[in-house]
Amino acid sequence: MHNRVLGQNLTTSALGLGCMGMSDFYGDRNDVESVATIHRALELGVTLLDTADMYGPFTNEELVGKAVAGRRDHAVIATKFGVERRPEDGHFGINGRPDYVRRACDASLRRLGVDHIDLYYQHRVDPQVPIEETWGALAELVAAGKVRHLGISEAPADLVRRAHAVHPVTAGQYEYSLLSREPETELLPTLRELSIGLVAYCPLGRGLLTGAITDLTQLEADDYRRGTPRFQGDNLRHNMELVARVRELATAKGVTAAQLALAWVLSRGPDVVPIPGTKRRRYLTENVQALDVELTEAELNAIDVATPPGAAAGRRYPEQPPLARR
């Protein structure tokens, strides 16, 4: 397994594992297969496991905790706070208040069954709380030994700078793929200026770039992608045309579309770590094999022509998050 360094000194596998779909958003769950997938990931040298307290909510952290029991030294556990879900009353919102940060961290430590979190992200920035207050509380967690490294997710460049001024940011987590190249304009240059790594979530475009999804009927009834703009009507048809181009390039290379898409993200720099999500061992193996795919300059140029920045149709998320309507 190849390794990469996020920030100043957090070493992780070059490819991580997104665990969200094992518990939430992508249809039925199978905890036995999910735990087996995490175990296989660790066996293959995939150390970075990505979860969050809001996945489930709470059940995904418990699942990851169960899977790493007895294997803690082989895992780099990343989790998140800030998207607050309360099953008891259906509440869904953003919370960056310092008292909540402390409570959320302690609760995550209990669910994961660990004494420290390797990488703790602010999942979304609370517009009602100055980021300096949130990050002051996070810095206290680092000083207390509860957290080793801090990260931020989906924050604009100016807020990343403000957070970094309070305590060094090790990683920024953003959607980044052939269908979502927005970080390239302002964000990625800012991260590199500040020596912050980029953890790329949804590097396979929520499954679109695998080429396996051609119709919404393939998705389970409770799969949240059914309500996202990129999977709707003309948007989906347009995006599938882009994916067809990726598949042609992959076939010419002798790899799968997913492997080509992951190899492209990996080629963006040694400070970029994609975290494709899967809950099945067979897809995990396919994803890991992307680490052996080397793209030539000509192939990278062909990919740019096939999927230029801004080519995807439809927003990444609905205007109103689907959970807020429950």
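Residues numbered from 1 in each chain as written. Predicted model: local features only at pLDDT ≥ 70, side-chain atom pairs only at ≥ 80, totals over all residues. Heavy atoms only, no water.

Quick look at the UniProt feature "domain: NADP-dependent oxidoreductase" (unreviewed entry) in the protein
- With numbering matched to this structure, UniProt assigns "domain: NADP-dependent oxidoreductase" (unreviewed entry) to residues 15-304.
- The span residues 15-304 shows a helical share of 40% and a strand share of 16%, and its end C-alpha atoms are spaced 22 Å apart. (UniProt positions renumbered as here; feature names shortened; annotations may be inferred. Helix = DSSP H or I, 4+ residues; strand = E, 2+ residues; numbered from the N terminus.)

Topic: the packing of aromatic side chains
- In this structure the tally under the stated criterion is four aromatic pairs.
- Relative to Tyr 120, the ring of Phe 81 has its centre 5.1 Å away and its plane inclined at 40°; by these criteria the two rings are tilted. A residue pair is termed long-range when its members are at least 10 positions apart, and Phe 81 in strand β5 (residues 76-81) and Tyr 120 in strand β8 (residues 117-122) qualify at 39 residues. The two residues Phe 81 and Tyr 120 agree in class, both being buried.
- Grouping aromatic residues by their ring pairs yields a cluster made of Phe 25, Tyr 26 and Tyr 224.
- If you follow Arg 206 out to its NZ or CZ, it ends over the ring of Tyr 317, 4.7 Å from the centre.
- Residue placement shows Arg 282 over the ring face of Tyr 283; its charged tip is 4.6 Å from the ring centre. (Phe/Tyr/Trp six-rings, centres within 6.5 Å; stacked < 30°, edge-to-face > 60°. Buried < 20%, exposed > 50% of the residue type's maximum accessible area, 1.4 Å probe, protein only. Lys NZ or Arg CZ within 6 Å of the ring centre and 35° of its normal.)

Re helix α9 (residues 281-288)
- Among all positions in α9, only Leu 284, Asn 287 and Val 288 are buried. Each buried residue of α9 lies within a common arc of 95° when the element is viewed along its axis, so the set occupies one face. (Arc of directions from axis to C-beta.)

Details of the side chain of Asp 50
- Structurally, the position occupied by Asp 50 is in strand β4 (residues 48-50).
- Of the residues examined, Asp 50 reaches a relative accessible area of 4% and is grouped as buried.
- A distance of 2.9 Å separates the side chain of Asp 50 from the side chain of Gln 173, its partner in a polar contact.
- Leave out the neighbours within four places in its chain, and Asp 50 touches Leu 17, Gly 18, Cys 19, Met 20, Tyr 55, Asn 60, Ala 78, Lys 80, Tyr 121, Gln 173 and Ile 275. (Polar contact = N/O pair within 3.5 Å; in protein donor to acceptor, adjacent residues only side chain to side chain. Contact = heavy atoms within 4.5 Å.)

A word on the packing of helix α1 (residues 31-43) against helix α2 (residues 59-68)
- In contact at an axis separation of 9 Å, α1 and α2 are set at 55° when each is read in the N-to-C sense. By the criterion of interaxial angle, the relationship of α1 to α2 is oblique. Of the two possible hands of crossing, α1 and α2 adopt the one that is right-handed. Contacts between α1 and α2 involve Asp 31, Ser 34, Val 35, Ile 38 and His 39 on the former and, on the latter, Leu 63, Val 64, Lys 66 and Ala 67.
- Considering only residue class, the contact of α1 with α2 consists of five nonpolar, two polar and two charged. (Axes fitted to C-alpha atoms, helices over the stretch in contact; angles between N-to-C directions. Parallel < 35°, antiparallel > 145°, perpendicular 65-115°, else oblique. Left-handed = near helix turned anticlockwise from the far one by under 90°. Nonpolar A, V, L, I, M, F, W, Y, C, P; charged D, E, K, R; others polar.)

So, the confidence of the model for the protein
- The share of residues in the protein with pLDDT of 70 or more is 98%, and the mean pLDDT across the chain is 95.
- Across residues 322-326, confidence stays below pLDDT 50; counting only partners more than four residues off in sequence or on other chains, it has eight contacts. (pLDDT = per-residue confidence, 0-100.)

Thoughts on the pairing of strand β2 (residues 10-13)
- Pairing of strand β1 (residues 3-6) with β2, which is carried by four bridges, proceeds in the antiparallel orientation. Looking across to β2, one finds that Arg 4 is bridged to Thr 12.
- The turn joining β1 and β2, which pair antiparallel and follow one another in sequence, is formed by three residues; a positive phi near 65° is taken by Gly 7. (Pairing = 2+ DSSP bridges.)

Some details on the state of the cysteines
- Per the stated rule, a full pass over the model turns up zero disulfides.
- Its sulfur unpaired, Cys 19 is 13 Å from the next cysteine sulfur, which belongs to Cys 202.
- No disulfide involves Cys 105; its nearest neighbouring cysteine sulfur is the one of Cys 19, lying 18 Å away. (Disulfide = S-S within 2.5 Å.)

Description of the pattern of salt bridges
- According to the stated counting rule, one finds 25 salt bridges in the structure shown.
- One salt bridge in this structure joins Asp 50 and Lys 80, with 2.6 Å as the shortest N-O distance. Of this pair, Asp 50 sits in strand β4 while Lys 80 sits in strand β5; the two residues are 30 residues apart in sequence, bridging distant segments of the chain.
- The partner of Arg 102 in a salt bridge is Glu 140, and the shortest N-O contact between them spans 3.2 Å. With Arg 102 in helix α3 (residues 98-112) and Glu 140 in helix α4 (residues 131-143), this pair connects stretches of sequence that are 38 residues apart.
- Taking relative accessible area as the criterion, Glu 140 reaches 44% and is therefore assigned partly exposed.
- Through salt bridges with shared partners, one network takes in Glu 154, Glu 175, Arg 206 and Arg 316. (Salt bridge = Lys/Arg side-chain N within 4 Å of Asp/Glu carboxyl O.)

Notes on the packing of helix α7 (residues 233-253) against helix α10 (residues 297-306)
- In contact at an axis separation of 9 Å, α7 and α10 are set at 165° when each is read in the N-to-C sense. On the basis of the axis angle, α7 is roughly antiparallel to α10. In the crossing of α7 with α10, the sense of the turn from one axis to the other is right-handed. Facing α7, whose interface residues are Leu 242, Arg 245, Leu 249 and Lys 253, α10 presents Glu 299, Ala 302, Ile 303, Val 305 and Ala 306.
- By residue class, the composition of the contact of α7 with α10 is six nonpolar, no polar and three charged.

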